[in-house]
Amino acid sequence: YQGQPVGTSPQVERVMSQSGEDFFRESYLMETVNWRTTVELNTTEAMNPLQVLEGKFLGIASFIAIPILILLFFAIQYVIQPLGELQRMAIRIKEGDFSARNTISAEDEIGTLAKTSNLMAEAIEERTLSLERVASDLQKQERELRVHHDLLNTVIHSMTDGLVLLNFQGKVTLSNKAAGPLLDII
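Residues numbered from 1 in each chain as written. Predicted model: local features only at pLDDT ≥ 70, side-chain atom pairs only at ≥ 80, totals over all residues. Heavy atoms only, no water.

**Q** Would you mind going over the sheet that holds strand β2 (residues 22-30) with me for this structure?
**A** Each strand in a sheet pairs with its neighbour through backbone hydrogen bonds, running either in the same direction (parallel) or in the opposite one (antiparallel). As summarised here, the arrangement of the 3 strands in space is β1-β2-β3, forming an open sheet in which the pairing is antiparallel. The open sheet terminates on both sides in strands that have one partner only, identified here as β1 (12-16) and β3 (35-42). Adjacent strand axes in the sheet meet at a mean angle of 35 degrees, parallel and antiparallel pairs treated alike. (Pairing = 2+ DSSP bridges. Helix = DSSP H or I, 4+ residues; strand = E, 2+ residues; numbered from the N terminus. Axes fitted to C-alpha atoms, helices over the stretch in contact; angles between N-to-C directions.)

This is the structure we're talking about:
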């Protein structure tokens, strides 16, 4: 026995034997006889239960992970991708591309939503084209009215006879230059 004071706890060491094997070594002091007892355990044998347990955990994790990955594949394939396509369609419509349509052909709730979205996009496109045609017609009519208004004003102001137009309250709403003496009387 070489000097470990009585009452100290044993120390665990990792040592290499002369044959190259790796060991855990722990020494105990037996106080009654003042002897030291050394216990050695091959590290491969000591770690074997942990490696078996690690293998079991990996097996269980693999057994659980494979079905989860399969479920994720189907979730991505049949839910996330179609919803992403619907979102891209909505963004295109918001940006003014009313010809945007989706290509989803599923027969589930997402397919129904996709068909409804296509119908909505078609209705928006039709109404937008109709409003554009009406706006174009109104602009054309406004230009024609402006031409007629300018022509009428030219005729009225070039007349040599006086012209006065009164409203129902008797106030003058229109007159030409020739009506100046008449307006002084009124």
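**Q** Sorry if this is basic, but what is going on with helix α1 (residues 43-94) here?
**A** Three or four residues apart is the spacing at which side chains of an α-helix point the same way, because the helix has 3.6 residues per turn. At Ile-76, α1 is deflected by roughly 40 degrees, the largest bend along its length. Buried residues along α1 sit in contact with β1, β2, β3 and α2 (109-158). At the N-terminal end of α1, a side-chain oxygen is found 2.8 Å from the backbone nitrogen of Thr-44, two or three residues along, and the residue is Asn-42. Downstream of α1 by a residue or two, Gly-96 has a phi angle that is positive, lying close to 105 degrees. (Bend = angle between axes of the 7 residues up to and from the residue. Contact = heavy atoms within 4.5 Å. Polar contact = N/O pair within 3.5 Å; in protein donor to acceptor, adjacent residues only side chain to side chain.)

**Q** How should I be thinking about unusual backbone geometry in this particular structure?
**A** When glycine is set aside, most residues are seen to have a negative phi, and most peptide bonds are trans. The phi torsion at Asn-34 lies on the positive side, around 60 degrees, for a residue other than glycine. Checked against the element boundaries, Asn-34 lands in the loop between β2 and β3.

**Q** Even after reading the chapter, I still don't get the packing of aromatic side chains, so can you show me in this structure?
**A** Aromatic ring pairs are reported here in terms of the distance separating the ring centres and the angle at which the planes meet. Counted by the stated rule, this structure contains 2 aromatic pairs. Both rings, one in Phe-73 and one in Phe-74, keep their centres 5.4 Å apart while their planes meet at 70 degrees; by these two values the pair is edge-to-face. Assessed through its relative accessible area of 48%, Phe-73 is described here as partly exposed. Ring geometry for Phe-74 versus Tyr-78: centroids 6.0 Å apart, planes at 10 degrees, classification stacked. In this pair, Phe-74 and Tyr-78 both sit in helix α1, 4 residues apart, roughly one turn of the helix. A relative accessible area of 41% places Phe-74 in the partly exposed class. A relative accessible area of 49% places Tyr-78 in the partly exposed class. By way of ring pairs, the aromatic residues Phe-73, Phe-74 and Tyr-78 are connected into one cluster. (Phe/Tyr/Trp six-rings, centres within 6.5 Å; stacked < 30°, edge-to-face > 60°. Buried < 20%, exposed > 50% of the residue type's maximum accessible area, 1.4 Å probe, protein only.)

**Q** Quick question: what am I supposed to make of the packing of α1 against α2 here?
**A** Working note: a packed helix pair is described by the angle between its axes plus the distance between those axes. Where α1 meets α2, the closest approach of the two axes is 11 Å, and the angle between their N-to-C directions is 10 degrees. Put simply, α1 runs roughly parallel to α2. For the pair α1 and α2, contact is made by Tyr-78, Val-79, Pro-82, Leu-83, Leu-86, Met-89 and Ile-93 and by Ile-110, Leu-113, Ala-114, Ser-117, Asn-118, Ala-121 and Ile-124, respectively. Its residues assigned to classes, the contact of α1 with α2 comprises 12 nonpolar, 2 polar and no charged. (Parallel < 35°, antiparallel > 145°, perpendicular 65-115°, else oblique. Nonpolar A, V, L, I, M, F, W, Y, C, P; charged D, E, K, R; others polar.)

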